[in-house]
Amino acid sequence: EFLALRQPTYFTQFYLLLMTLLLANRYLEYSALNEHLFLLDFCYFMNLSTVIQVTLFPSYLLWFKANYVLCMGVLMIAIVAWQNSLVFHSLDKLTSVFLHVFPPLTLHLHRWGLIPCPSILPDDQLSLSDITILPLVLYTVWQVGYLIITEVVLAKQMREDPSLVTALRYLSSNKKNLMNIV
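Residues numbered from 1 in each chain as written. Predicted model: local features only at pLDDT ≥ 70, side-chain atom pairs only at ≥ 80, totals over all residues. Heavy atoms only, no water.

## Examining the packing of helix 3 (residues 42–56) against helix 4 (residues 61–81)
Interaxial distance between helix 3 and helix 4 falls to 10 Å at its minimum, and their mutual angle equals 145°. Of the two possible hands of crossing, helix 3 and helix 4 adopt the one that is left-handed. Taken together, the residues of helix 4 that come into contact with helix 3 (itself represented by F42, C43, M46, S49, T50, I52 and Q53) are W63, F64, N67, L70, C71, V74 and L75. For the contact of helix 3 with helix 4, the class distribution of residues is ten nonpolar, four polar and no charged. (Axes fitted to C-alpha atoms, helices over the stretch in contact; angles between N-to-C directions. Helix = DSSP H or I, 4+ residues; strand = E, 2+ residues; numbered from the N terminus. Left-handed = near helix turned anticlockwise from the far one by under 90°. Contact = heavy atoms within 4.5 Å. Nonpolar A, V, L, I, M, F, W, Y, C, P; charged D, E, K, R; others polar.)

Shown next as structure tokens:
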């Protein structure tokens, strides 16, 4: 909270450092449980997209807008859909919350000039194509990559090892989730 409100210019570095540590820990924990393919999910992709865009390509406005729409929409809705909760004694739950909250917060700080970026102006607006086509292109990039990895590159491994867990396998087997009914 202090960084976001009092020293927002340091927030991106904090986000990058903290998420690197948390995701390294998550990879180790999830690998032990055969759940490491969860790290291919959309929220991880959006974290990567956000970090790359704000650190390496801060003036690329179209990419920023696509990230902004997807983070403020899909990623924030995922907090409710995945029932994330802020449980301080659970590193797994904290990681899940930060994974879904930090990209929108980072982009929000950039959008409103708390983290200065000369290409993002306070008067900028989102057009219809900015809220539909750009995010759809970015989502399609992730979806195609995900399908190539799970259905081509890892197809044999996925067939031979039903204990490998992906989000789709988890959602379709979880009795509490509506996806199971579908």
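That covers the picture; the talk isn't over yet.
## Looking at the pattern of salt bridges
The tally for this structure, following the rule as stated, stands at two salt bridges. Two residues, D92 and R26, come together in a salt bridge whose shortest N-O distance is 2.7 Å. On the criterion of sequence distance, the pair formed by D92 in helix 5 (residues 91–111) and R26 in helix 2 (residues 11–32) is long-range, its members being 66 residues apart. Residue classification places R26 among the buried positions, given a relative accessible area of 3%. Its salt-bridge partner being D130, residue K65 comes within 3.1 Å of it at the nearest N-O pair. Of the two residues, K65 sits in helix 4 while D130 sits in helix 6 (residues 128–131), which places them 65 residues apart along the sequence. (Salt bridge = Lys/Arg side-chain N within 4 Å of Asp/Glu carboxyl O. Buried < 20%, exposed > 50% of the residue type's maximum accessible area, 1.4 Å probe, protein only.)

## What about the side chain of K65?
Here K65 falls in the buried class, since its relative accessible area comes to 13%. The residues touching K65, leaving out its near neighbours within four places in the chain, are Q125, L126, D130 and L134.

## Here we look at the packing of aromatic side chains
Two numbers describe a pair of aromatic rings. These are the distance of the centres and the angle of the planes. For the coordinates displayed, the defined rule picks out 14 aromatic pairs. Measuring from ring centre to ring centre gives 5.3 Å for F11 and F102, while their planes differ by 70°; the resulting arrangement is edge-to-face. Placement of the pair is F11 in helix 2 and F102 in helix 5, with a sequence separation of 91 residues. Feature note: the residues F11, F14, Y15, F98 and F102 constitute an aromatic cluster, connected by ring pairs. Between R111 and the ring centre of W112, over which it is positioned, the NZ or CZ distance is 4.0 Å. (Phe/Tyr/Trp six-rings, centres within 6.5 Å; stacked < 30°, edge-to-face > 60°. Lys NZ or Arg CZ within 6 Å of the ring centre and 35° of its normal.)

## Concerning a nonpolar patch on the surface
A grouping of V144, I148, I149, V152 and V153 is seen on the molecular surface, where their side chains present a nonpolar patch of about 420 Å² in accessible area. Its place among the elements puts V153 in helix 7 (residues 133–153). (Patch = residues over 30% accessible without salt bridge, like charges linked within 9 Å, V, L, I, M, F, W, Y side chains within 5 Å. Areas by Shrake-Rupley, 256 points an atom, 1.4 Å probe, with all protein chains shown as cover.)

## Examining the layout of surface pockets
By volume, the second largest pocket is sized at about 340 Å³. Lining the second largest pocket are 18 residues, with L23, Y44, F45, N47 and L48 sitting closest to its centre. For the lining of the second largest pocket, the secondary structure elements donating two or more residues are helix 2, helix 3 and helix 7. A class-by-class count of the residues in the lining of the second largest pocket yields 14 nonpolar, three polar and one charged. (1 Å grid on protein atoms, 1.4 Å probe; cavity = no way out; pocket = protein on both sides within 12 Å on 5 of 7 lines; lining within 4 Å. Points joined across faces, edges and corners; volume = space filled by probe spheres on them.)

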